[in-house]
Amino acid sequence: MMRVVVTGGAGRLGRSLVAGLAERGHDVLSVDRAVSAAPQLAGAEQRAVDLADADATASALHEAKADAVIHLAAIAVPFSAPEDVILRTNAALAMSVLGGAVQAGIGRVVAASSPTVLGYGAPGWLPDRFPLDERTMPAPSNAYALSKHLVEQTIAMLRRQRDDIRFAAFRPCYVIAPEEWAGAPTQQGHTVRERLDEPALSAPALFNYVDARDIAAFADVLLQAMPEIPNGETFFVGADDALAREPLAELLPRFVPGSDELAAVLTGTAPAFSTAKARRLLGWRPERSWRTELAPTDHAETLGASA
C-alpha cells in the first residue's frame, strides 16, 4: 500500500476518495484550506495548506514523503465565480500542486480533469460520434472547462520534463456522493430523483454521472497500475448507464440539436461517455448505478431497474 496525498480532500469527491483509499489500506494525507471534521476523513491525516502558495505547497509535499499525489483541489463548478477567477485559480492550483509533487520527487502524480473539456453545451456543439471517449477532441467552451484542459496539459508538460515519474489524469463524470442517494442535494442543488424526473436537469451534463465510491475504487486501481501502463494516460470515469429513464437515443436529440443520427447508437441504458479504456488498461469498471443505489418509489421505477 502507498502513502497518498489527496488535495481538496475535504470536498464532495475528496471525502469519498480519502475514505475509499484509507479503507483499501493506503496511508492518506488530506491537504485542503482547512482541517475538516467530516467523519469520512477520520481515518486519514489532515493538513491545512494554502495550495495557491507554490512554496508552501512544495514544502508540504516534500514533508509528506508520499508515494503518490491525487490533485482534486479546484473551483469545482462552472460559472460559480467570474470566468477569470476560475481560470486563474484552477490553473495556478494545478501548477502549484503538480509542479510541487515533481519537485518533491513523488513517483505517481494524478490530476482530476473533467468531461467538460469536450465543450458540450456550447451553441452548435456536436461530436464526431457517440459514445464520447478519450479520442474525442477537446473543445473547451467556458473557463472551467479550459482550466481542466490546462490541468491535462500541465500533466503532459511535466511528463515531457520528467519521464522517471508516472503521470495520469482522469475525467470524473457528474459526481454523486453516498448521502445524495438518500435525498441530499447534488452539486447543482437538485436531488438525484429530481434529476431523473426532469431530464432537462441532467441534460447539460449529457446525463453522465458516477458514484464517488466508484472513483475511489478507480483511483486505487490506477495507482497500482501506473508503473505498467503507458505514461500520461487520461481516463473517463463514469457509470455504465445514463442518469435517465429513457434511452439517450431518444433523449439527446431533444437537448442537443442535430444529434439524432449520432445518438442512435445509445440504445437501452447506454451512457453518452465510454469507460472502455479504463476497463481495457486497468481492469476497472463501476459497481454502482442509480438503479442499484436509489430505492424505487413506484412500480414503474422497479421495472426500469430490471430493464
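See the structure printed just above.
So, how was this worked out
Residues numbered from 1 in each chain as written. Predicted model: local features only at pLDDT ≥ 70, side-chain atom pairs only at ≥ 80, totals over all residues. Heavy atoms only, no water. Phe/Tyr/Trp six-rings, centres within 6.5 Å; stacked < 30°, edge-to-face > 60°. Helix = DSSP H or I, 4+ residues; strand = E, 2+ residues; numbered from the N terminus. Buried < 20%, exposed > 50% of the residue type's maximum accessible area, 1.4 Å probe, protein only. Lys NZ or Arg CZ within 6 Å of the ring centre and 35° of its normal. Salt bridge = Lys/Arg side-chain N within 4 Å of Asp/Glu carboxyl O. Pairing = 2+ DSSP bridges. Axes fitted to C-alpha atoms, helices over the stretch in contact; angles between N-to-C directions. Contact = heavy atoms within 4.5 Å. Parallel < 35°, antiparallel > 145°, perpendicular 65-115°, else oblique. Left-handed = near helix turned anticlockwise from the far one by under 90°. Nonpolar A, V, L, I, M, F, W, Y, C, P; charged D, E, K, R; others polar. Arc of directions from axis to C-beta.

## Structural notes on the packing of aromatic side chains
Overall, the coordinates contain eight aromatic pairs when judged by the stated rule. Ring centres 6.1 Å apart and planes at 65 degrees place the aromatic pair Phe207 and Phe255 in the edge-to-face group. Of the two residues, Phe207 sits in the loop between helix H7 (199-202) and strand S8 (210-211) while Phe255 sits in helix H9 (residues 248-255), which places them 48 residues apart along the sequence. Pairing Phe236 with Phe273 gives two aromatic rings, centres 5.4 Å apart and planes at 55 degrees, and the pair type is tilted. Residue Phe236 is found in strand S9 (residues 233-237), and its partner Phe273 is found in the loop between helix H10 (260-263) and helix H11 (276-282); the two are separated by 37 residues along the sequence. Given a relative accessible area of 4%, Phe273 falls into the buried group. Cluster of aromatic residues (ring-pair linked, three or more members): Tyr120, Trp125, Phe236 and Phe273. A cation over an aromatic ring shows up here: Arg195 above the ring of Tyr174, its NZ or CZ 3.9 Å from the ring centre.

## Brief notes about the pattern of salt bridges
This model, assessed by the stated rule, comprises 20 salt bridges. For Arg129, the salt bridge is made with Asp133, and the minimal N-O distance between the two is 2.7 Å. Take Asp133: its relative accessible area is 8%, and that puts it in the buried class. For Asp197, the salt bridge goes to Arg245, with nearest N and O atoms at 2.8 Å. Residue Asp197 is found in helix H6 (residues 192-197), and its partner Arg245 is found in the loop between S9 and H9; the two are separated by 48 residues along the sequence. Note on Arg245: relative accessible area 36%, which makes it partly exposed.

## A short note on the sheet that holds S9
In spatial order, the strands read S3-S2-S1-S4-S5-S6-S9; together these seven strands make up an open sheet with parallel pairing. The two strands at the open ends of the sheet, each matched to only one other strand, are strand S3 (45-48) and S9. Averaged over all pairs of adjacent strands, the angle between their axes in this sheet comes to 20 degrees, without regard to strand direction. Strand direction decides the pairing type here: strand S6 (residues 166-172) and S9, joined by five bridges, are parallel. Within the sheet, the bridge partner assigned to Pro172 lies in S9 and is Val237. Against the sheet, helix H3 (residues 83-103) engages strand S1 (3-7), strand S4 (68-71), strand S5 (108-112) and S6, with an angle of about 175 degrees to S4.

## Some thoughts on the packing of H3 against helix H4 (residues 143-161)
Where H3 meets H4, the closest approach of the two axes is 9 Å, and the angle between their N-to-C directions is 20 degrees. By the criterion of interaxial angle, the relationship of H3 to H4 is roughly parallel. Between H3 and H4 the crossing geometry is right-handed. Across the interface between the two elements, Glu83, Ile86, Leu87, Asn90, Ala91, Ala94, Met95, Leu98, Gly99 and Val102 from H3 touch Ala143, Tyr144, Leu146, Ser147, Leu150, Val151, Thr154, Ile155, Met157 and Leu158 from H4. Across the contact of H3 with H4, the residue classes tally to 15 nonpolar, four polar and one charged.

## A look at H9
Three- or four-residue spacings in an α-helix give side chains the same orientation, since the helix completes a turn every 3.6 residues. All of the buried residues in H9 are Leu248, Leu251 and Leu252. Down the axis, H9 shows its buried residues gathered within 95 degrees of arc, on one side only. Looking at the buried side of H9, the elements it contacts are H7 and H10.

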